Structure formats: structure tokens, C-alpha cells
Amino acid sequence: KQEVTQIPAALSVPEGENLVLNCSFTDSAIYNLQWFRQDPGKGLTSLLLIQSSQREQTSGRLNASLDKSSGRSTLYIAASQPGDSATYLCAVNPSGSARQLTFGSGTQLTVLP
Amino acid sequence: DAGVIQSPRHEVTEMGQEVTLRCKPISGHDYLFWYRQTMMRGLELLIYFNNNVPIDDSGMPEDRFSAKMPNASFSTLKIQPSEPRDSAVYFCASSKGQDTQYFGPGTRLTVL
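Since the model is a prediction, treat every value here as computed from it, not as a measurement.

With that settled, the discussion passes to the state of the cysteines. Scanning the entire structure with this criterion turns up two disulfides over all chains. Put simply, cysteine 23 of chain A and cysteine 90 of chain A are joined by a disulfide, and their sulfur atoms are 1.9 Å apart. Judged by the sign of its S-S torsion, about 70°, the cystine formed by cysteine 23 of chain A and cysteine 90 of chain A is right-handed. Of the two residues, cysteine 23 of chain A sits in strand β3 (residues 19–25) while cysteine 90 of chain A sits in strand β9 (residues 86–94), which places them 67 residues apart along the sequence. Note on accessibility: cysteine 23 of chain A and cysteine 90 of chain A belong to one class, buried. Each sulfur in the disulfide pair cysteine 23 of chain B and cysteine 92 of chain B lies 1.9 Å from the other.

Spelled out as C-alpha cells, the structure:
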């Protein structure tokens, strides 16, 4: 059974700092991996999707990397802003016919002005 | 596109009552997912549909939960009878194949 772990559970940084969020998964047989953002009381917003054949994806100040063999992904946020404060979740989509995402428990990020 | 639409946004009911949550997926998406989020267990997949057919309902906690998708633009999740431990935020999501899943705003359910 796939297990997804995110470390740290919470992170507080001053504005302007670059930061890295970590995600690890136990089963490397994945189709893709997604990073989501969740604001308090809101739904999930997809940030980046990395296919299993890719090493990284970039969107603006966000860069996500994937090392399938070691079961790791990182989300890099450059020049953090208070508006980046949210919970960040990674989710793994299995290979094969199954389609269900397995989510990590998230990293709660606070960017201090 | 309006995105995934869920209703109601908030539901407060008493134990033993029937609860029906509704979802309209994004047009053209062939997969629909129902998730439940709690502080204790995080995000859990309850059931998902492909082309309106239930594919995997192994996450449905018990027989009190049922889900239907009568057509490509509508799905329901029903709890009957509801219990306090069902209190959670229920999300609906849709996708085209294994591409990005788009989530609705969720329904916050409180069972007293």
C-alpha cells in the first residue's frame, strides 16, 4: 500500500526566503505526482503535476522535482511572500489502471511579513 | 468553466438524518472522485467513477454511505443514517484521465 509522508508538518519563514518542502512515497510505481495548495476553509488548488518520466516542472516561483527511484519529490518556492501561506499537499497517482490519489498529510507554511 | 461545483457548502444535521451531498464535475472530464478530509485522517478517497460507472468504492467507510452518478454532469454522496463521526469536509474532484484533478470547494458537514 502506497504511503506518502511530508516533512516538516509546519514551517515558518520570513518573507523573501527561498524554501523547500519535502514529500516521500514508498511505492515507486507511480504515474504522476501532484502538488496542491489548500487555504484555510477552502478546497485544493493544483500547483504542479509531474509525470513519472519527468524530473521537474516549473511554474513561476514554484519548482517541483521528482526522483522516482528514491521515492522523493520536493517543492521549491523562491522569494516567498505572505500570500504563499497555506498548507501544501503532495499526492501520488499510481501506475496501472488505478486512478486514486494518495495524499500526504501536508506542510503548513507561514510566511511572515 | 466554473470549475467543480458542490452543494451545499455547509450542512448541519442531527444524528440519524439522511444527508445528500451534490457535485457537478467540469464538463468533459471522465473521472469523478469523492474525498473526505478530517484532522485525524487527512484526505481519504471514498469512491471514484469513470464515465459514470463506479470503479473503486473500497474507501467508503460503511453501508451507510452510498454514491451515484446518474449522468456525466451530476453525482451524489448520501449518508443514511448520519452519525457524529461523519462530521468532516467532503470534497468532489474531477479529471480527464490521469491528468490534474480539480477539486470543488467542499461541503462542511456537521452531525450533531
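Looking at where lysine 42 of chain A falls in the secondary structure, it is placed in the loop between β4 (30–38) and β5 (44–51). Accessibility expressed as a relative area gives 51% for lysine 42 of chain A, which makes it exposed. Residues contacting lysine 42 of chain A, with those up to four places away along its chain left out, are Phe91 and Pro105 of chain B.

Another point: the sheet that holds strand β6 (residues 56–59) of chain A. Residues and elements named next belong to chain A. As summarised here, the arrangement of the five strands in space is β1-β3-β8-β7-β6, forming an open sheet in which the pairing is antiparallel. Two strands in the sheet have a free side with no partner beyond their single neighbour: β1 (4–7) and β6. Sheet twist, expressed as the average angle between the axes of neighbouring strands with direction ignored, equals 15°. Pairing of β3 with strand β8 (residues 72–77), which is carried by six bridges, proceeds in the antiparallel orientation. Note on β8: the bridge partner recorded for valine 20 is tyrosine 76.

Thresholds, definitions, all that
Residues numbered from 1 in each chain as written. Chains lettered and ligands numbered in written order. Predicted model: local features only at pLDDT ≥ 70, side-chain atom pairs only at ≥ 80, totals over all residues. Heavy atoms only, no water. Disulfide = S-S within 2.5 Å. Helix = DSSP H or I, 4+ residues; strand = E, 2+ residues; numbered from the N terminus. Buried < 20%, exposed > 50% of the residue type's maximum accessible area, 1.4 Å probe, protein only. Contact = heavy atoms within 4.5 Å. Pairing = 2+ DSSP bridges. Axes fitted to C-alpha atoms, helices over the stretch in contact; angles between N-to-C directions.

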